[in-house]
Every structure is written in C-alpha cells, then in structure tokens.
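Residues per chain are reported as follows:
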Number of protein chains: 2
Amino acid sequence: MLKKVIPYAHELLRETIQPGEVAVDATCGNGHDTTVLSKLVGDDGIVYAFDIQQQAIDRTMLLLEEQGIDNVHLLLADHQYAQAYIPKADHGRIGGAIFNLGYLPGSDKQTITTPESTVEAIRAISAILKPGGLIVIVVYHGHHGGEQEKQELLDYLTSLDQKEFSVLQYAFINQQNNPPFLLALQKSV
Amino acid sequence: MLKKVIPYAHELLRETIQPGEVAVDATCGNGHDTTVLSKLVGDDGIVYAFDIQQQAIDRTMLLLEEQGIDNVHLLLADHQYAQAYIPKADHGRIGGAIFNLGYLPGSDKQTITTPESTVEAIRAISAILKPGGLIVIVVYHGHHGGEQEKQELLDYLTSLDQKEFSVLQYAFINQQNNPPFLLALQKSV
C-alpha cells in the first residue's frame, strides 16, 4: 500500500541516517520522533531535540526516561538558533532532521510554529547537514496560520538551487480536512 | 538518496503487483516499462500493452523479442478502450498499470496523449483494478498541450472519493525545465 505521510517520513530518515551520526528533532512535541531518531543514531550518535514549549520538553523527557534513552540533548529553545545550540564539532555531521509544523498535540493550540522561524531553522540546519543529509518536514496546515506558513515554506523551498538541494513533495491530494503532507530536502553529495 | 520519479514509480509497482496477476502498460512507447511489468507478473501472468502509434508497437515488439518475453499482448489501440480490449475474465485482476504521458521519445512529437483520452483511460482501468491495485502516471508536461493535460488530470484525480482511492503526488519542486512528476492512484482494499 502507498505509505502514509509519517511512516514515509520515518522511512526516508531510516534510509539516510547512519549509526554514530548526529540528528535533529526540530519540534520534539510529544517526543515520539525524538525516540525514532535516537534509535537511528544509536549509542555512538547524538540527537538534539528542540522545542519552545516547556510542556513538550517535559513530555519528551518523560518518554526518554521510560525508554531508557540517554543519547538526546533536550533544548528549550527556538530551532532557528540551531547553529548556536549545536556544537561546532557537530556541524556538517547531521545525517537527518525532522520538523512537525503546527501546534503541540493536546495543547491549547495557542503556540504554533511560524513561517519566519520555520524557514530560518531550515536554512540554518540545512547549512550544517552532511552531504546527502536530509530534512523532512511534516506540514500540518489546517489550523489558523497554517496556510500562510505552508505558502511561505513552499516559496522558500522551491527557490532553492537544484544543484545544492533536491526538494520532494509527497502528498495525498484527494483527501478532505487538510491532511498533513511531507516535504523532504536533501543536500547534494 | 531520494528516489527519482521513474525508479520510484517502478518501486511502487514492484510492491503491488504479484506473480500471476494482470498488468497494463497504457502507453508502451519504447517498451521499457512493458518489460518491467512482464517480469513482475511472471510466466503465469499477462501484460496488456497499449499504444496508438505503430512505431511504438514495433519498437516494443523488437525489445520483447530481444528479451525472449512472451507474456505480453501488444495492442495498437487507444487505452481509453482498455475495458473492451482486456478480456472480461481479467477484469478485477489487474495488479498495476503505468502511464507515461506526453509524446513518444525520439518521435516527431506530433502525437501526444490528450486529457480526454488519458482521464477516460484512468477511469476505465481503475474500475477493473484488483482491490489494492495501483495506477502510476508519469506526468511529462513541458511540451505543447502538456500543461492543460496536467491540470485536467489533477482536477479529475483530486475529485476522487478518498474512500475508494488514495491519490499520491510525488514531485521534485525546485527543478528547472518542467521535470516529470508522479501520480499514483491506489484502489482501496
């Protein structure tokens, strides 16, 4: 069967991230993707997991403890400053990163990702990917502000030089209620 | 690496078509996809390969002979009449089908697929897919008439009931010169 958006995002990351590498969860949320990345990089790797909401950091920390995971750095910070938070030694060693746009599931939906911060974070993280490294972006856009973020993101990504990056859109186009779709940005080798 | 459009189309067909099933090459062209489908259905399966150009049928027949393939029915016919050309006993047994829109590579480009025939052919073939069966469509749209065909096709596919079909768009969105993209239509189980 055609893979749904989130399993396909994880498959792309699995095909790209190698044990011992660095990975980034740009929006750790409830922590699920953080645990996926943790397993991909393994004991010799490291995951930097960002969120601007304490509630998300707390949930993720709880999940990591439950699963006995200790290769994750949790950062209560805006992902647009990823280059400052990720040590210089790890720049150029990032195998993969994931963004889930929109709001924290189960929250009051008052805090959402914004176009400026999202585009700036993608620009910052893509600059420190390894050659062949991948950023996957799960675009939720049904909420207030989501459509504008989607448009600004597409404008930015379609403008990227095809010699430096490939940008894939993976979307189910006959579904009701604005289902999320996937964007994947791969740095050329 | 992110898979290019044609390898990804073939991967989807490989995941879906089982040995002994029926497959359809709706636009056999130079015959390459016909040989791919032939291998997927195997000795107990059958491929119906359509083209409206004698030149395409001739090229495909030559390729099939070269490769010793004998499980293909070549049909010099418009794919919109697929239901009439495919025996009733094979209706509902089609595991997968492929369309390559546009013109025959290496031809004078005077003969192109048209929106009416393409949409009607997709409607006809999708009605006789097995449950879970898949149609992949490689959309070339840089030629004269290509943009209109693309639009009419997208209008049709986005209107399909999500309970009956899933429609995936797989497209690289930062490339110059109107590269082809993929549409995949899967019948619900």
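Before reading further, recall that the structure is shown in the block above.
Presented here is an overview of the structure given in this document. Bear in mind the structure is a predicted one, so any value in this text is a computation, not a measurement. (Residues numbered from 1 in each chain as written. Chains lettered and ligands numbered in written order. Predicted model: local features only at pLDDT ≥ 70, side-chain atom pairs only at ≥ 80, totals over all residues. Heavy atoms only, no water.)

### Side note on the overall build of chain A
1) Next: In terms of helices and strands, chain A carries six helices and seven strands.
2) Next: Going from N to C terminus, chain A has its helices and strands arranged as α-β-α-β-α-β-α-β-α-β-α-β-β.
3) Next: Its C-alpha atoms give chain A a radius of gyration of 15 Å, within 12% of the compact-globule value 16 Å for 189 residues.
4) Next: Taken over the C-alpha atoms alone, chain A extends approximately 40 × 40 × 35 Å along its principal axes.
5) Next: Split into buried and exposed, the 189 residues of chain A put 57% on the buried side.
6) Next: Residue pairs in contact within chain A that sit at least 24 positions apart in sequence constitute 74% of those at least 6 positions apart.
7) Next: With an accessible surface of roughly 8,400 Å², chain A has 50% of that area assigned to carbon and sulfur atoms. (Helix = DSSP H or I, 4+ residues; strand = E, 2+ residues; numbered from the N terminus. Rg over C-alpha atoms; globule rule 2.2 N^0.38 Å. Buried < 20%, exposed > 50% of the residue type's maximum accessible area, 1.4 Å probe, protein only. Contact = heavy atoms within 4.5 Å. Areas by Shrake-Rupley, 256 points an atom, 1.4 Å probe, with all protein chains shown as cover.)

### Re helix α3 (residues 54-66) of chain A
All names here are of chain A.
1) Next: Compared with the 18 Å implied by 1.5 Å per residue over 13 residues, the 18 Å span of α3 between its first and last C-alpha is a close match.
2) Next: The complete set of buried residues in α3 reads Ala56, Ile57, Thr60, Leu63 and Leu64. Buried residues of α3, viewed axially, fall in a sector of 130°; they line one side. In α3, those exposed residues whose orientation departs by more than 90 degrees from the buried face are Leu62, Glu65 and Glu66.
3) Next: Where α3 is buried, its residues touch α2 (32-41), β2 (46-51) and β3 (72-76). (Expected span 1.5 Å × (residues − 1). Arc of directions from axis to C-beta.)

### Thoughts on empty space enclosed by the protein
1) Next: Summed over all chains, the structure comprises two cavities of 30 Å³ or more.
2) Next: In this structure, the largest cavity spans a volume of roughly 40 Å³.
3) Next: Residue lining of the largest cavity: Met1, Leu2, Lys3, Tyr8, Glu11 and Tyr170 of chain A together with Tyr8, Glu11, Leu12 and Glu15 of chain B, and that is the complete set.
4) Next: For the lining of the largest cavity, the secondary structure elements donating two or more residues are α1 (5-16) of chain A together with α1 (5-16) of chain B.
5) Next: Looking at the lining of the largest cavity, the element that brings in the most residues is α1 of chain B, giving four residues.
6) Next: In terms of residue class, the lining of the largest cavity is built from six nonpolar, no polar and four charged.
7) Next: One number sums up the size of the second largest cavity: a volume of about 40 Å³. (1 Å grid on protein atoms, 1.4 Å probe; cavity = no way out; pocket = protein on both sides within 12 Å on 5 of 7 lines; lining within 4 Å. Points joined across faces, edges and corners; volume = space filled by probe spheres on them. Nonpolar A, V, L, I, M, F, W, Y, C, P; charged D, E, K, R; others polar.)

### Structural notes on the nonpolar core
1) Next: Grouped together as the largest cluster of nonpolar side chains are 70 residues, with contacts concentrated most on Ile137 and Leu157 of chain A together with Ile137 and Leu157 of chain B.
2) Next: Non-local contacts of Leu157 of chain A, meaning those with residues more than four positions away in its chain, are made with Ile122, Ile137, Val167, Leu183 and Leu185 of chain A together with Asn174 of chain B.
3) Next: Counting 55 residues, the second largest nonpolar core, distinct from the first, contains Leu13, Leu37 and Leu64 of chain A together with Leu134 of chain B. (Core = buried A, V, L, I, M, F, W, Y, C linked by side-chain atoms within 4.5 Å.)

### Quick notes on the relation of the copies chain A and chain B
1) Next: Aligned on chain B, chain A shows an RMSD of 0.0 Å; the corresponding rotation is 180° and the shift along the axis is 0.0 Å. When the rotation and shift are considered jointly, the pair of chain copies conforms to a two-fold rotation axis. In terms of C-alpha distance to the rotation axis, chain A has Tyr170 of chain A as its closest residue, with the C-alpha 2.4 Å off the axis.
2) Next: Of the residues that chain A buries at the interface, 100% are likewise interface residues in chain B, meaning the two copies contact each other through the same surface. (Least-squares fit on C-alpha atoms with pLDDT ≥ 70 in both.)

### A few points about the packing of α2 of chain A against α3 of chain A
All names here are of chain A.
1) Next: Put simply, α2 and α3 touch, their axes get as near as 9 Å, and they point 45° apart. On the basis of the axis angle, α2 is oblique to α3. As α2 runs across α3, the sense of the crossing is right-handed. Across the interface between the two elements, His32, Thr34 and Thr35 from α2 touch Thr60, Leu63 and Leu64 from α3.
2) Next: Counted by class, the contact of α2 with α3 contains two nonpolar, four polar and no charged residues. (Axes fitted to C-alpha atoms, helices over the stretch in contact; angles between N-to-C directions. Parallel < 35°, antiparallel > 145°, perpendicular 65-115°, else oblique. Left-handed = near helix turned anticlockwise from the far one by under 90°.)

### Brief notes about the packing of aromatic side chains
1) Next: One pass over the full model with this rule turns up eight aromatic pairs over all chains.
2) Next: Considering the side-chain rings of Tyr170 of chain B and Phe172 of chain B, the 5.9 Å spacing of their centres and the 90° angle between planes classify their relative orientation as edge-to-face. With respect to burial, Tyr170 of chain B and Phe172 of chain B carry one shared label: buried.
3) Next: Linked through ring pairs, Tyr8, Tyr170 and Phe172 of chain A together with Tyr8, Tyr170 and Phe172 of chain B together constitute an aromatic cluster. (Phe/Tyr/Trp six-rings, centres within 6.5 Å; stacked < 30°, edge-to-face > 60°.)

### Some thoughts on α1 of chain B
1) Next: An ideal rise of 1.5 Å per residue puts 16 Å on twelve residues; α1 of chain B measures up with 17 Å between its terminal C-alpha atoms.
2) Next: Among the residues making up α1 of chain B, those that are buried are Val5, Tyr8, Ala9, His10, Glu11, Leu12, Leu13 and Thr16 of chain B.

All we've got here are geometric facts, nothing functional implied.
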